[in-house]
Amino acid sequence: MPKLSIIMPLYNEAARLERCLKSVIAQQDQNFELIMVNDASTDQTPQIATRFIRHHSNMSLLTQPSNQGISAARNRGMRAAQGELITFIDGDDWLEPQYTSYFLQKFAQRPLDMVVCGYVREPQRPAALLRSKHFQGYCGREEVLRHITKNSGQVKGYTWNKVYRLALINKYHLQFESDLSLMEDQVFNVQYATHAQHFYIGTQPLYHYWQHNQSATHTYDLESAKSVGLANYRIVKTLLKSKKSQK
């Protein structure tokens, strides 16, 4: 059984998927499974994924019957995950070779619930290398929640620079909320962190985050505004509930 499950939702990623998969198979520590979830792509995405699967037994591909969005794809991957630990990456991004070994080593050293790494925003611009100048090390819930909900820094609400314990996710029935088109990952992180206790924030940039003009974070319309408002409401509600339970 693999130690780490990597979930990768896919929707029309043919242009960049091969780059991502090559970075996955180049990992120094291969104690992981990669579960790709094809969200009804209309390009060559499933064919590229299948080509890699033929040569790598730790890769698999699930197929959604229709395009249901990234949250539903992540949830499908979570249900299939076999690892003790879990993370979520995107098919147009790529990893440094030490990505899996960094996380697995940190979890082996101490009983942690979440580990964070740094990342690089691509294409690179001035200050694209995101290292925290303020904090690195072990911390508690209040500290990590402050970093998750900040609009700056190397933590934020992303999932691909974090690894989680699958047992904790399953215990509290956590999942990504499909009615959110934006900030669904930050909502998930806040909900997870309120149930977790031990965290480590690192600054080593091991993930390359590709931002393109079609990225959800680069488009904003009325539906996006609605999603952001709803997500922020759920984040505040979760934080207030957590504070009340601690009294």
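Residues numbered from 1 in each chain as written. Predicted model: local features only at pLDDT ≥ 70, side-chain atom pairs only at ≥ 80, totals over all residues. Heavy atoms only, no water.

Comments concerning helix α3 (residues 70-80)
Note on helix geometry: an α-helix contains 3.6 residues per turn, so any two residues three or four positions apart are oriented the same way. Stated formally: Each residue's exposure class comes from its accessible area (1.4 Å probe, protein chains only) as a fraction of the maximum for that residue type: buried when under 20%, exposed when over 50%, partly exposed otherwise. Working definition: helices are DSSP H or I runs of at least four residues, strands are E runs of at least two. Numbering for both runs from the N terminus. We call two residues in contact whenever any of their non-hydrogen atoms come within 4.5 Å of each other.
For α3, every residue scored as buried is listed here: S71, A72, A73, R74, N75, G77 and M78. The inward-facing, buried residues of α3 abut β1 (4-10), β2 (32-38), β4 (85-88), α6 (166-171) and α7 (184-193).

Here we look at the environment of Y200
Looking at the element boundaries, Y200 is found in strand β10 (residues 199-210). Judged by relative accessible area, which is 8%, Y200 ranks as buried. Ignoring anything within four residues of it in the chain, the contact list for Y200 reads Y102, K106, L112, M114, V115, V116, Q136, G137 and Y138.

Observations concerning unusual backbone geometry
With omega at -10°, the peptide bond leading from E122 into P123 counts as cis. Take P123: it is sitting in the loop between β6 (114-122) and β7 (129-130). In this model, H173 sits at a positive phi of 55°, which is unusual for a non-glycine residue.

What to know about the side chain of K106
Note that K106 resides in helix α4 (residues 99-109). Other than its neighbours up to four places away in sequence, K106 contacts L112, V115 and Y200.

Comments concerning the packing of helix α5 (residues 141-148) against α7
Short version of the rule: As a rule, the C-alpha atoms of each element are fitted with a line to give its axis, helices using only the stretch in contact, and angles between N-to-C directions run from 0 to 180 degrees. Orientation is classified from the angle alone, with under 35 degrees giving roughly parallel, over 145 giving roughly antiparallel, 65 to 115 giving roughly perpendicular, and any other angle giving oblique. Any residue outside Ala, Val, Leu, Ile, Met, Phe, Trp, Tyr, Cys, Pro, Asp, Glu, Lys and Arg is labelled polar, Gly included; the first ten of those are nonpolar and the last four are charged.
Relative to each other, α5 and α7 sit at 175°, their axes nearing to 10 Å. When the axis of α5 is compared with that of α7, the two are roughly antiparallel. Contacts from R141, V144, L145 and I148 of α5 reach α7 at Q186, N189, V190 and A193. Across the contact of α5 with α7, the residue classes break down as 5 nonpolar, 2 polar and 1 charged.

Some words on helix α8 (residues 222-246)
Keep this limit in mind: Helices are assigned an expected span. That span is 1.5 Å times one less than the residue count.
Over its 25 residues, α8 runs 37 Å from end to end, which matches the ideal 36 Å to within 8%, given 1.5 Å per residue. Among all positions of α8, only S224, S227, V228, A231, R234, I235, T238 and S242 are buried. Buried-residue contacts for α8 involve α5 and α7.

Considering the side chain of T87
For the record, the criterion: Identification of polar contacts relies on pairs of N or O atoms within 3.5 Å, with a donor-acceptor requirement for protein atoms, meaning one able to donate a hydrogen and the other able to accept it, and with residues adjacent in sequence counted only if both atoms are side-chain atoms.
Structurally, T87 is set in strand β4. One polar contact links T87 to Y99, side chain to side chain, over a distance of 3.4 Å. A distance of 2.6 Å separates the side chain of T87 from the backbone oxygen of K162, its partner in a polar contact.

Regarding the pattern of salt bridges
Convention followed: Every case where a carboxyl oxygen of Asp or Glu lies within 4 Å of a side-chain nitrogen of Lys or Arg is listed as a salt bridge.
Taken as a whole and assessed by the stated rule, the structure comprises 9 salt bridges. In this structure, R51 and E18 form a salt bridge, with 3.5 Å as the shortest nitrogen-oxygen distance. One end of the pair, R51, is in helix α2 (residues 45-53); the other, E18, is in helix α1 (residues 17-25), with 33 residues separating them in the sequence. On the basis of relative accessible area, E18 is assigned to the partly exposed category, the value being 29%.

Some details on the packing of aromatic side chains
Heads up, the rule is: Geometry of aromatic contacts follows a simple scheme: Phe, Tyr and Trp rings, the Trp one being its six-membered ring, pair when their centres are within 6.5 Å, and the pair is stacked under 30 degrees between planes, edge-to-face over 60, tilted otherwise. Only when the NZ atom of a Lys or the CZ atom of an Arg is both within 6 Å of the ring centre and within 35 degrees of the ring normal do we say a charge sits over the ring.
Taken as a whole, this structure holds 19 aromatic pairs when the rule is applied. Between W94 and W210, the ring centres sit 6.5 Å apart and the planes meet at 45°, which makes this aromatic pair tilted. Here W94 is found in strand β5 (residues 94-95), whereas its partner W210 is found in strand β10, with 116 residues between them in sequence. Here a set of aromatic residues connected by ring pairs shows up, and it is made of Y99, Y102, F103, Y119, Y158, W160, Y207 and Y209. Looking at R19, its charged tip hangs above the ring of W210, at a distance of 4.9 Å from the centre. The ring of F176 has R74 sitting right over it, with the charged end atom 4.9 Å from the ring centre.

Section: the nonpolar core
Applicable threshold: Nonpolar core, defined: a set of buried Ala, Val, Leu, Ile, Met, Phe, Trp, Tyr and Cys residues in which side-chain atoms within 4.5 Å join the residues together.
Formed by 35 residues in total, the largest nonpolar core has its most connected members in I86, F88, M114, V144, Y164, I169 and Y192. With sequence-adjacent residues up to four places away left out, Y164 is seen in contact with E84, L85, I86, F88, D113, M114, Y158, T159, I169, F188, N189 and Y192. F107, L112, V163 and Y207 belong to the second-largest nonpolar core, a separate cluster that totals 34 residues.

Observations regarding the environment of Y119
Residue placement: Y119 occurs in strand β6. Considering only alpha carbons, one finds Y119 and N75, 44 residues apart in sequence, at a separation of 24 Å.

The values are spatial; any link to function lies outside them.
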